[in-house]
Structures are given as C-alpha cells and as structure tokens.
Amino acid sequence: MKKLVLLFLSLLAFSFAFQACDDSKTYAEMLEEEDDAIAAFIRDNDIQVISQTEFFNNDSTTDVSKNEYVQLSSGVYMQIVDKGSDNLADTVKNNDLILVRFMEYSILDKDTSLSNLNAVETVDEFKYTVTSSSIAGIFTQGYMLSYYSSTAVPAGWLVPLPYVRDMAHVKLIVPSKMGHSTAMQYVYPYFYDIKKYQIYR
C-alpha cells in the first residue's frame, strides 16, 4: 500500500513539475498577443485607422495632422508623412538601389531595437527587384543586414513603394508575417519610422 501511495505521489509531483516547465505559448497564442500589442500601440499613440477605400479616395495619402494610418490588405499599417519628390517620374523601378534611414521599434518590448538615424557614415541599402509574380528587396549593406544576418528586406518595407517617390518619409506598423526572419520566428510586430527612401541610380 505504501508503494502505491508513493507511486501516486511521485506521478502527481512529476505532472506538476512538467506543467510548471511547460510555459511555452502556442503559435495561436503568440498571434493573439501580437494582435493585442498592435491594438494597444494604435490606441496609445492616438492613431486614426482609415480603410484602403478612404486611402485611395484621398489620392493615396494619409492626413498626418489627424495621425491617420491606412490598414492595407497585407496587414501593414502605413502613414505617408511625405510622398517625396514632386517629379512624378521619380518612382522606384526594377533593379534600383534604395538607401534607407530608419528607426525600428519593438512593439512587444516597447523599445527601440535598431536605428541608423545617427549613423553618419552608415546607411542601409537594398536592391529592389520585380518579376511577373513577385517583388523583393535584397540588402547589400547596413545595420539590418549585419544585425539580423539576412539579405531579405522585410516585406513590410516594400509595401509603401508603389505610393511614394524618391526621398519619401513613411511610418509603418509591420506585423510579424511581413517582417524580417526574426520577427516571423518569434511573432514580433515592429514599428518603423523610415525617414528616407532615397533612390540611388
């Protein structure tokens, strides 16, 4: 009888220990946490979200005085602070090199994780490529390349390019699925203040 009670208590203790160690989250829970964090960031920063229809009806612009961001079908929230060049032909084209000044802020950690705004001699650069089925960006130099050890430009960074021109300034809320590889792996959303998209030809 003592052995049976001892065995039962051992199993009970083991099950409690196992539950205490198993504090990992499911992917669904991580996505829910991400959605909650983005919603809190939008609320805390008094962001006014407009629809894509409103955005297109307003000549693909956002009203900065109202702190408007458009929620795009990709899940990215975008504010166009400055469309850039007055020359309508100064758009991004296939194989262009783009220089970027940016600040990356982790929405979950509530902290700036990376920035080249004060790096006088360093700028992030990527090559923009377009095919019949996709668009992509490939980092050739900069902080993003060295910090995340990946040449892939976050898909969220490419979202504004059809709507802006040379020297544009945009702000983005990028969910993990549109972020860099680390964001996708850990389901982390990021806010970006991209001060300048400069087309380098």
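Model, not experiment: these values are computed from the prediction.

### Quick look at the overall build of the chain
- Of the regular secondary structure elements, the chain holds six helices and nine strands.
- Out of the 201 residues belonging to the chain, those deemed buried represent 41%.
- Counting only contacts in the chain whose residues sit at least 6 apart along the sequence, the fraction spanning at least 24 positions is 57%.
- Per element, the accessible surface of the chain, about 11,600 Å² overall, is 54% carbon and sulfur.

### Structural notes on the nonpolar core
- If you look at the biggest cluster of nonpolar residues, it comprises 34 residues, and the most contacted ones within it are Phe 126, Trp 157, Leu 161, Leu 172, Tyr 192, Ile 194 and Tyr 197.
- Sorting the residues of this core by element identifies β3 (77–82), β4 (97–106), β6 (124–130), α4 (143–148), α5 (155–158), β8 (168–174) and β9 (190–200) as the ones contributing at least two each.
- Looking at which element gives the most residues to this core, the answer is β9, with five residues.
- Here Trp 157 is in contact with Val 100, Phe 102, Phe 126, Phe 139, Met 144, Leu 172, Tyr 192, Ile 194 and Tyr 197, once residues within four sequence places are set aside.
- Core analysis: the next-biggest nonpolar cluster, separate from the first, contains 11 residues, Ile 38, Ile 42, Ile 107 and Phe 191 among them.

### Focus on unusual backbone geometry
- Although it is not a glycine, Asp 46 adopts a positive phi angle of roughly 50 degrees.
- Look at Ser 149: it is not a glycine, yet its phi comes out positive at around 50 degrees.
- With respect to the helices, strands and loops of the structure, Ser 149 is situated in the loop between α4 and α5.

### Considerations on the packing of aromatic side chains
- Evaluation of the coordinates by the stated rule reveals 12 aromatic pairs.
- On the basis of an interplanar angle of 85 degrees and a centroid distance of 6.1 Å, the ring pair of Phe 126 and Phe 139 is categorised as edge-to-face. On the criterion of sequence distance, the pair formed by Phe 126 in strand β6 and Phe 139 in strand β7 (residues 135–141) is long-range, its members being 13 residues apart.
- Owing to a relative accessible area of 0%, Phe 126 belongs among the buried residues under this scheme.
- Within the aromatic cluster, the residues linked to one another by ring pairs are Phe 102, Phe 126, Phe 139, Trp 157, Tyr 188, Tyr 190 and Tyr 192.

### A closer look at the pairing of β9
- Sheet topology places β4 next to β9; 10 bridges connect them, and they run antiparallel. Opposite Met 103, over in β9, you have Asp 193 as the bridge partner.
- Bridge count between β8 and β9: six bridges; the pairing is antiparallel. Looking at β9, one finds that Val 170 is bridged to Ile 194.

### Details of the side chain of His 169
- Relative to the elements of secondary structure, His 169 occurs in strand β8.
- The class for His 169 is buried, based on a relative accessible area of 14%.
- Within the local environment of His 169, its side chain forms a polar contact with the side chain of Asp 193, the two groups lying 2.7 Å apart.
- Not counting the four nearest positions on each side in its chain, His 169 is found in contact with Gln 79, Ile 80, Val 81, Asp 82, Asp 193, Ile 194 and Lys 195.

### Brief notes about the pattern of salt bridges
- Applying the stated criterion across every chain yields a total of three salt bridges.
- For the salt bridge of Glu 33 with Lys 25, the shortest nitrogen-to-oxygen distance reads 2.8 Å.
- With relative accessibility at 45%, the residue Lys 25 sits in the partly exposed group.
- A salt bridge links Asp 44 to Arg 43, with the shortest nitrogen-to-oxygen separation between them at 3.7 Å.
- Accessibility expressed as a relative area gives 53% for Asp 44, which makes it exposed.

Cut-offs and rules
- Residues numbered from 1 in each chain as written.
- Predicted model: local features only at pLDDT ≥ 70, side-chain atom pairs only at ≥ 80, totals over all residues.
- Heavy atoms only, no water.
- Helix = DSSP H or I, 4+ residues; strand = E, 2+ residues; numbered from the N terminus.
- Buried < 20%, exposed > 50% of the residue type's maximum accessible area, 1.4 Å probe, protein only.
- Contact = heavy atoms within 4.5 Å.
- Areas by Shrake-Rupley, 256 points an atom, 1.4 Å probe, with all protein chains shown as cover.
- Core = buried A, V, L, I, M, F, W, Y, C linked by side-chain atoms within 4.5 Å.
- Phe/Tyr/Trp six-rings, centres within 6.5 Å; stacked < 30°, edge-to-face > 60°.
- Pairing = 2+ DSSP bridges.
- Polar contact = N/O pair within 3.5 Å; in protein donor to acceptor, adjacent residues only side chain to side chain.
- Salt bridge = Lys/Arg side-chain N within 4 Å of Asp/Glu carboxyl O.

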